[in-house]
Amino acid sequence: MSNTVITYGTFDLLHWGHINLLKRAKALGDTLIVGLSTDEFNQNKHKQSVHKYDERKYILEAVCYVDRVIPEVSWEQKISDIKKYNVDIFVMGSDWEGEFDFLKEYCKVVYLPRTEGISTTEIKNRLATEVGDKYGEI
Ligand code: C2G
């Protein structure tokens, strides 16, 4: 009996918080699909990623916990994805707690605790500060 897990995100500047999420998501089943936000959908999410979709996809596909990467192009695709890929478990980090409970009609919904102390935004801020400190205003 196979258990397919799905999760969605931008996964920009992939860091250990993302890996921690992917690792725990995969542990809930035996196949993990990642719906990766396209650059266009990121605009919809008011996010500007450093790495473009193909670069983020290439990196994610190298992660041992990830079995398949599909494009996330809209907020509305989750139900059709769950049906199309026979998904048993939908997983998101706890910052999304409750936002996707409507999917409980189609599959199990699991929110996993976010990893504290790391985020793509923090990485960007640290780099900006360190470069600024080292080279002055650029
Ligand atoms: N995450 C985490 N711990 C962190 C950072 C991120 O557990 N320190 C989780 C988030 O909760 C999310 C996943 O890693 O489940 C991907 O994070 P983002 O790329 O920031 O995803 P987001 O932009 O929130 O997109 O349709 C859903 C959206 O596409 C989610």
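Structure shown above.
My aim in this report is to walk through the structure given alongside it, one point at a time. (Residues numbered from 1 in each chain as written. Predicted model: local features only at pLDDT ≥ 70, side-chain atom pairs only at ≥ 80, totals over all residues. Heavy atoms only, no water.)

## Quick look at the sheet that holds strand E2 (residues 31-37)
Okay, step 1: Strands sit in the order E3-E2-E1-E4-E5 across an open sheet of five strands; the sheet is parallel. The sheet is open, and its two borders are formed by strand E3 (68-72) and strand E5 (108-112), each paired with just one other strand. The mean inter-strand angle of the sheet, taken between neighbouring strand axes irrespective of direction, is 25°.
Okay, step 2: Across six bridges, the pairing between strand E1 (residues 4-9) and E2 is parallel. Bridge pairing links Thr4 to Thr31 in E2.
Okay, step 3: Each of E1, E2, strand E4 (89-93) and E5 is contacted by helix H1 (residues 16-27), which is oriented at about 140° to E2, the strand it contacts most.
Okay, step 4: Sheet strands in contact with helix H3 (residues 53-61) are E2 and E3, and its direction is about 165° off that of E2. (Pairing = 2+ DSSP bridges. Helix = DSSP H or I, 4+ residues; strand = E, 2+ residues; numbered from the N terminus. Axes fitted to C-alpha atoms, helices over the stretch in contact; angles between N-to-C directions. Contact = heavy atoms within 4.5 Å.)

## A look at unusual backbone geometry
Okay, step 1: Residue His46 is not a glycine yet carries a positive backbone phi of 55°.
Okay, step 2: Locating His46 in the fold gives a position in the loop between helix H2 (39-44) and H3.
Okay, step 3: With a phi close to 50°, Asn86 is a non-glycine residue in the positive phi region.
Okay, step 4: As for its position among the elements, Asn86 is in the loop between helix H4 (78-84) and E4.
Okay, step 5: For Asn86, a relative accessible area of 58% gives the class exposed. (Buried < 20%, exposed > 50% of the residue type's maximum accessible area, 1.4 Å probe, protein only.)

## A closer look at the pairing of E4
Okay, step 1: A large share of E4 lies buried, amounting to five of its five residues.
Okay, step 2: With burial as the criterion, each face of E4 is covered, one bearing Ile89, Val91 and Gly93 and the other bearing Phe90 and Met92.
Okay, step 3: The pairing of E1 with E4 spans two bridges and is classified as parallel. If you follow Ile6 over to E4, its bridge partner there is Phe90.
Okay, step 4: Note that E4 and E5 share five bridges and pair parallel. Within E5, the position partnered with Phe90 by the bridge is Val109.

## Some words on H1
Three- or four-residue spacings in an α-helix give side chains the same orientation, since the helix completes a turn every 3.6 residues.
Okay, step 1: Taking 1.5 Å of rise per residue, the twelve residues of H1 would be expected to cover 16 Å, and the 16 Å separating its terminal C-alpha atoms lies within 8% of that figure.
Okay, step 2: Check the buried side of H1 and you find it contacts E1, E2, H3, E4, E5 and helix H5 (120-135). (Expected span 1.5 Å × (residues − 1).)

## Describing the site of the ligand
Okay, step 1: Neighbouring the ligand are 21 residues, the closest being Lys47, Glu72, Lys78, Asp95 and Ile118.
Okay, step 2: One nitrogen or oxygen atom from the side chain of Lys47 is found 2.6 Å from an oxygen atom belonging to the ligand.
Okay, step 3: Contact distances for the ligand include 2.6 Å between an oxygen atom and a side-chain N or O atom of Asp95.
Okay, step 4: Relative to its unbound accessible area of 640 Å², the ligand is 95% covered by the protein chains.
Okay, step 5: More than half of the atoms of the ligand fall within 2 Å of the grid points belonging to the largest pocket.
Okay, step 6: Contributing elements (two or more residues each) for the shell around the ligand: E1, H1 and E4. (Near = heavy atom within 4 Å. Polar contact = N/O pair within 3.5 Å; in protein donor to acceptor, adjacent residues only side chain to side chain. Areas by Shrake-Rupley, 256 points an atom, 1.4 Å probe, with all protein chains shown as cover. 1 Å grid on protein atoms, 1.4 Å probe; cavity = no way out; pocket = protein on both sides within 12 Å on 5 of 7 lines; lining within 4 Å. Sits in = over half its atoms within 2 Å of the grid points.)

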